[in-house]
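Report on the structure
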Protein chains: 2
Amino acid sequence: MLAEQIDHVRDLIEQKNWTAIRETITNMPEPEIAELLFDVETNDRMLLFRLLPRDLSSEVFALLETDQQNKLLTELTQEETRHLLSKLSPDDRAQILDELPGAVTQRLLNLLSPEDLRETRQILGYPPESVGRLMTPYYVAVRPEWTVGQALDHVRKKGRDSETIDVLYVVDQHWKLLDALDLRRFILADPQTKVADIMDSQYIYLNANQDREEAVRTMERYDLSVLPVVDSQNVLIGIVTFDDVLDVAQAEATEDFHKGAAVSPLKGSYRDARLPELYRKRIGWLLALVFANVFSGAAIANFEDTIAANVALVFFLPLLIDSSGNAGSQAATLMVRALAMDEVKMSDWWRLLTKEIFVSAALGFTMALAVSLIGVLRAGIEIALVVALTMALVVIVGSVIGTALPFILKRLNFDPAAASAPLITSLSDISGVLIYFSLATLLLSQVQ
Amino acid sequence: MLAEQIDHVRDLIEQKNWTAIRETITNMPEPEIAELLFDVETNDRMLLFRLLPRDLSSEVFALLETDQQNKLLTELTQEETRHLLSKLSPDDRAQILDELPGAVTQRLLNLLSPEDLRETRQILGYPPESVGRLMTPYYVAVRPEWTVGQALDHVRKKGRDSETIDVLYVVDQHWKLLDALDLRRFILADPQTKVADIMDSQYIYLNANQDREEAVRTMERYDLSVLPVVDSQNVLIGIVTFDDVLDVAQAEATEDFHKGAAVSPLKGSYRDARLPELYRKRIGWLLALVFANVFSGAAIANFEDTIAANVALVFFLPLLIDSSGNAGSQAATLMVRALAMDEVKMSDWWRLLTKEIFVSAALGFTMALAVSLIGVLRAGIEIALVVALTMALVVIVGSVIGTALPFILKRLNFDPAAASAPLITSLSDISGVLIYFSLATLLLSQVQ
């Protein structure tokens with residue numbers, strides 16, 4: 001459908017049929033207009049963007065990637081930029097300003113009206129990744145002494161500017177939050193009823209300084225599409241809507257995915273990440289793990305004689321340390337995700353560790369059987385025995401490391417997601433090498 | 001706060017103060033009642049549950065874990081169960097029936113009214129993980145020929161049973177979907193206006209047979225909190241709300257996390273997973289990787305003489321194959337998540353692979369420098385040279401495998417998330433071993 005639309009708009013541009021272009025694009029959903037803008041030639045882009053009604057153009061702008069916004073901004077006049085910024089919702093404006101390069105942000109802040117500047121600075125005043133950064137001040141508040149009819153009249157007046165009117169907020173004269181009520185409740189009530197009479201004073205709220213992940217958890221837990229945000233005095237300062245929260249949930253999951261592979265979180269999307277950023281975000285852990293591996297190298301050096309006497313031992317080295325690392329990554333990933341989803345509490349550690357010991361013993365035993373077949377065929381019964389015994393032990397040790405490390409990290413106030421597969425692999429290596437060659441030294445010297 | 005409440009309720013139970021208990025718990029948010037139920041003694045649980053008003057008890061029931069639901073069901077009388085089921089929303093009912101053990105499901109289906117049975121069977125008729133499984137038939141539909149005032153009257157009549165009234169659906173006499181309009185639009189319009197006059201015929205919808213991930217993508221893209229679901233005839237058959245979609249987004253991310261560590265997706269939560277399930281979900285890939293490693297073992301066997309002559313080579317083996325695997329997992333994870341988030345298209349593969357070659361060359365060069373220091377100290381300049389050269393090459397090869405594999409899997413219609421860290425590690429091992437010992441054979445035999 002989009003491909004056809006693009007062709008259609010391209011035809012219209014060729015025909016210079018401005019009226020038809022304007023009509024076609026203003027009837028498209030905003031996310032599709034945003035895509036279209038960066039699917040046409042550069043010359044046509046500004047033309048299309050300028051054909052959009054003012055309100056629509058700011059909504060489309062908010063949907064673009066940071067790179068794209070930056071490109072568009074360089075083409076707009078100062079007056080157009082000023083207008084565009086004034087039409088953006090405060091949370092979008094703050095986010096855009098936060099992500100654009102510093103010099104551009106400074107230029108744009110100068111173009112804001114005093115009121116917009118105040119709002120924007122307020123939102124940017126909250127810590128990055130806090131609830132305050134997600135909120136918008138556009139909601140409808142009503143008073144408990146009003147009637148339902150008065151409240152609905154107020155909605156009619158204020159509702160156009162509000163981000164949502166699905167929930168109305170009841171506040172006292174100091175703007176302290178008293179209740180959050182579904183619009184439905186007002187619609188279904190008698191217009192003469194007092195707002196106070198339909199209140200239940202049961203509401204869920206967020207604090208502006210909380211971590212944004214708290215917004216995800218709260219929305220998930222209470223199945224609410226919009227949450228009020230209060231300051232430390234319980235004064236209502238904004239609302240957070242489900243669309244921002246869904247984006248946060250996805251962004252947080254992406255961050256954890258990347259950490260799980262020892263990549264530091266990227267700023268934007270992977271597609272647009274530049275080479276130096278990708279290098280910087282990946283090299284840190286890779287280098288750290290090189291130095292961690294010095295220990296497994298040193299451990300091996302201690303067993304030089306055993307290895308020289310039984311070179312066949314080396315055939316199984318990658319298999320054994322990989323298996324230990326693999327079982328460990330499985331355990332760590334299960335644990336990290338369960339901790340992130342609040343499925344598991346810190347107090348569960350002992351129960352889960354015990355469970356893991358049983359599971360990994362079963363896994364280790366199965367894998368020992370499998371590898372002993374290969375071992376006998378390739379290197380004879382003595383080495384097969386050492387390999388099988390090592391396999392069972394290293395799978396258990398790797399799994400225990402994988403289960404315990406996320407708990408330990410969390411206990412030390414680090415992000416448990418730092419228990420990445422590469423880190424677990426390196427830790428399992430050291431123990432794997434020690435177990436393998438110690439067993440070999442012990443058992444093979446007796447046999448030969 | 002919850003801990004205090006639990007103590008408070010416990011005290012009340014001790015005092016057998018039923019009225020106060022009932023008042024306290026019915027004023028708590030449902031998710032907190034659900035938690036409370038399984039925080040008190042078993043004997044008190046049924047007592048508390050029976051004190052809840054009927055409507056509330058079904059809402060609380062829907063929030064429990066499958067295990068907990070099963071436990072409660074065994075304690076309820078047939079009549080209570082019948083009532084509970086009839087009060088559940090159709091999507092919740094279908095989900096519960098789908099997850100409970102088969103025998104329990106059959107018993108429960110027999111307790112449903114013919115109408116509920118029809119609704120439930122319809123939802124269970126859609127494929128698992130399809131949009132149809134998420135939808136509820138409780139929405140408000142209006143007709144284009146009605147006035148806005150008539151539509152709002154209809155909302156007042158029907159709204160109580162609807163899952164949401166934030167969006168009203170305009171349908172024709174055959175119940176075909178014509179439009180989806182925010183309730184706000186009705187509130188703000190003149191009651192005498194015809195619904196047809198406030199329609200814009202711009203609406204986003206889902207098909208019941210689409211994958212549920214499509215619901216996440218659509219909601220994310222268009223920032224909508226509720227989406228209409230149609231059948232192949234464009235007949236409106238239900239709606240999907242943001243709370244179910246947020247759950248799906250989290251569940252899909254969890255699945256991808258687990259796949260990324262070569263764990264097959266679990267059925268329930270990790271916390272409640274039983275030992276045999278954990279064993280089964282983990283052993284498959286672990287064993288497969290043992291057999292994949294036969295190849296790296298075989299590769300090493302070919303270089304027995306080189307190793308015997310230079311046992312110091314073995315010191316660096318874990319480091320080199322780990323580094324290759326680590327760089328590969330980083331690349332694969334970045335790619336898998338970008339594909340899952342639709343950030344990257346199949347057509348990007350060549351551009352991203354080229355980018356990866358540059359990034360990994362820079363990573364490889366840095367790591368070669370680092371390892372050459374260690375190499376010289378531990379094993380002399382010749383071996384250090386082989387190790388450094390190998391490091392640069394294996395990091396590049398691992399990264400290329402990590403970048404290419406998700407694309408290849410997706411092209412072959414497999415889930416790209418199957419390009420797990422353990423799989424990448426095993427593939428990198430084989431190439432790493434071959435590169436390392438080939439270089440060693442070539443360079444060291446010339447030096448010595």
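Note that this is a predicted model, so its numbers are computed, not measured.

For the rest of this paragraph, the subject is the sheet that holds strand E3 (residues 177-182) of chain B. Read from one edge of the open sheet, 3 strands run E1-E2-E3 (chain B), paired in mixed fashion. Since the sheet does not close on itself, it has two edges, and those belong to strand E1 (141-142) and E3 of chain B, each with one partner.

Right, let's talk about the domain arrangement of chain A for a bit. Accessible area lost upon the coming together of the parts serves often as the stated size of an interface. Residue and element names in this part refer to chain A. One can read the domain layout of chain A as domain 1 (2-129), domain 2 (141-250) and domain 3 (277-447). Placing a centre on the C-alpha atoms of domain 1 and another on those of domain 2 gives a separation of 29 Å. Counting from both sides, the interface comprises 5 residues of domain 1 and, opposite them, 6 residues of domain 2. Of the residues that constitute the side of domain 1 that touches domain 2, the class distribution is 2 nonpolar, 1 polar and 2 charged.

To continue, consider the relation of the copies chain B and chain A. For these two chains of identical sequence, chain B goes onto chain A by a turn of 180° and a shift of 0.0 Å along the axis, with RMSD 0.1 Å. One copy is carried onto the other by what is essentially a two-fold rotation axis. An overlap of 100% is found between the interface residues of chain B and their copies at the interface of chain A, pointing to a shared contact surface.

Each partner contributes to the interface: chain B provides 96 residues, whereas chain A provides 96 residues. Tallied by class, the residues present in the side of chain B that touches chain A amount to 56 nonpolar, 21 polar and 19 charged.

Residues and elements named next belong to chain A. Buried residues dominate strand E5 (residues 226-230), accounting for 4 of its 5 residues. Sheet analysis places strand E4 (residues 206-207) next to E5, joined by 2 bridges and oriented parallel. Residue pairing for E5: Leu206 is matched across the bridge by Val229. In this structure, E5 lies alongside strand E6 (residues 236-241), joined through 5 bridges in antiparallel fashion. Paired with Val229 across the bridge in E6 is Gly238. Counting the residues that bridge the hairpin from E5 to E6 gives 5 residues, and of these Asn234 lies at a positive phi of roughly 65°.

Moving on, we get to unusual backbone geometry. Trans is the common state for peptide bonds, and a negative phi is the common state for residues other than glycine. For Lys16 of chain A, which is not glycine, the phi torsion reads 55° and is therefore positive. Topologically, Lys16 of chain A is positioned in the loop between helix H1 (2-14) and helix H2 (18-26). The backbone of Trp175 of chain B shows a phi angle near 65°, a positive value even though the residue is not glycine. Within the secondary structure, Trp175 of chain B is located in the loop between strand E2 (167-171) and E3.

It is worth spelling out the nonpolar core at this point. Judged by nonpolar contacts, the single largest core of 131 residues is most densely connected at Met391 of chain A together with Met391 of chain B. Membership of the second largest hydrophobic core comes to 93 residues, among which are Tyr126 and Ala208 of chain A together with Val155 and Tyr169 of chain B.

Turning our attention to helix H10 (residues 114-124) of chain A. All names here are of chain A. Among all positions of H10, only Glu119, Thr120 and Ile123 are buried. Seen along its axis, H10 keeps its buried residues to an arc of 95°; they face one direction. In H10, the exposed residues that point more than 90 degrees away from the buried face are Pro114 and Arg118. If you follow the buried residues of H10, they end up packed against helix H8 (90-99).

On to the sheet that holds strand E2 (residues 167-171) of chain A. All names here are of chain A. Spatially, E1-E2-E3 is the arrangement adopted by the 3 strands of the open sheet, whose pairing is mixed. Either end of the sheet is taken by a strand with one partner, and the two such strands are strand E1 (141-142) and strand E3 (177-182). Judged from the 2 bridges that link them, E1 and E2 form a sheet pairing that is parallel. Looking at E2, one finds that Ala141 is bridged to Tyr169.

Note that predicted coordinates carrying low pLDDT should not be read in detail. Averaged over every residue, the pLDDT of chain A is 86; residues scoring 70 or more account for 98%. The complex prediction reports pTM at 0.80, with the ipTM value standing at 0.79.

Let us now look at the packing of helix H16 (residues 275-301) of chain A against helix H19 (residues 317-340) of chain B. At a closest axis distance of 9 Å, the pairing of H16 of chain A and H19 of chain B adopts a crossing angle of 160°. The orientation of H16 of chain A with respect to H19 of chain B, classified from their angle, is roughly antiparallel. Judged by the twist between their axes, the crossing of H16 of chain A over H19 of chain B is right-handed. Taking contact as the criterion, the partners of Arg282, Leu286, Leu289, Val290, Asn293, Ser296 and Gly297 of chain A in H16 of chain A are, on H19 of chain B, Pro318, Leu319, Asp322, Ser323, Asn326, Ala327 and Gln330 of chain B. Looking at the contact of H16 of chain A with H19 of chain B, its residues break down into 6 nonpolar, 6 polar and 2 charged.

With respect to the helices and strands, the residue Ala362 of chain B is situated in helix H20 (residues 349-411). In this structure the C-alpha to C-alpha distance between Ala362 of chain B and Ser269 of chain B, which are 93 residues apart in sequence, comes to 41 Å.

Moving on, we come to the packing of helix H19 (residues 317-340) of chain A against helix H15 (residues 242-260) of chain B. Put simply, H19 of chain A and H15 of chain B touch, their axes get as near as 9 Å, and they point 160° apart. Judged by the angle between their axes, H19 of chain A and H15 of chain B are roughly antiparallel. Seen along the crossing, H19 of chain A lies across H15 of chain B with a hand that is right-handed. Contacts between H19 of chain A and H15 of chain B pair Thr333, Leu334 and Arg337 of chain A from the former with Thr254, Phe257, His258 and Gly260 of chain B from the latter. When grouped by side-chain class, the residues that make up the contact of H19 of chain A with H15 of chain B number 2 nonpolar, 4 polar and 1 charged.

Conventions adopted
- Residues numbered from 1 in each chain as written.
- Chains lettered and ligands numbered in written order.
- Predicted model: local features only at pLDDT ≥ 70, side-chain atom pairs only at ≥ 80, totals over all residues.
- Pairing = 2+ DSSP bridges.
- Helix = DSSP H or I, 4+ residues; strand = E, 2+ residues; numbered from the N terminus.
- Domains from an automatic or database assignment.
- Contact = placed C-beta atoms within 7 Å.
- Nonpolar A, V, L, I, M, F, W, Y, C, P; charged D, E, K, R; others polar.
- Least-squares fit on C-alpha atoms with pLDDT ≥ 70 in both.
- Buried ≥ 20, exposed ≤ 12 C-beta atoms within 10 Å, placed from the backbone.
- Core = buried A, V, L, I, M, F, W, Y, C linked by C-beta atoms within 7 Å.
- Arc of directions from axis to C-beta.
- pLDDT = per-residue confidence, 0-100.
- Axes fitted to C-alpha atoms, helices over the stretch in contact; angles between N-to-C directions.
- Parallel < 35°, antiparallel > 145°, perpendicular 65-115°, else oblique.
- Left-handed = near helix turned anticlockwise from the far one by under 90°.

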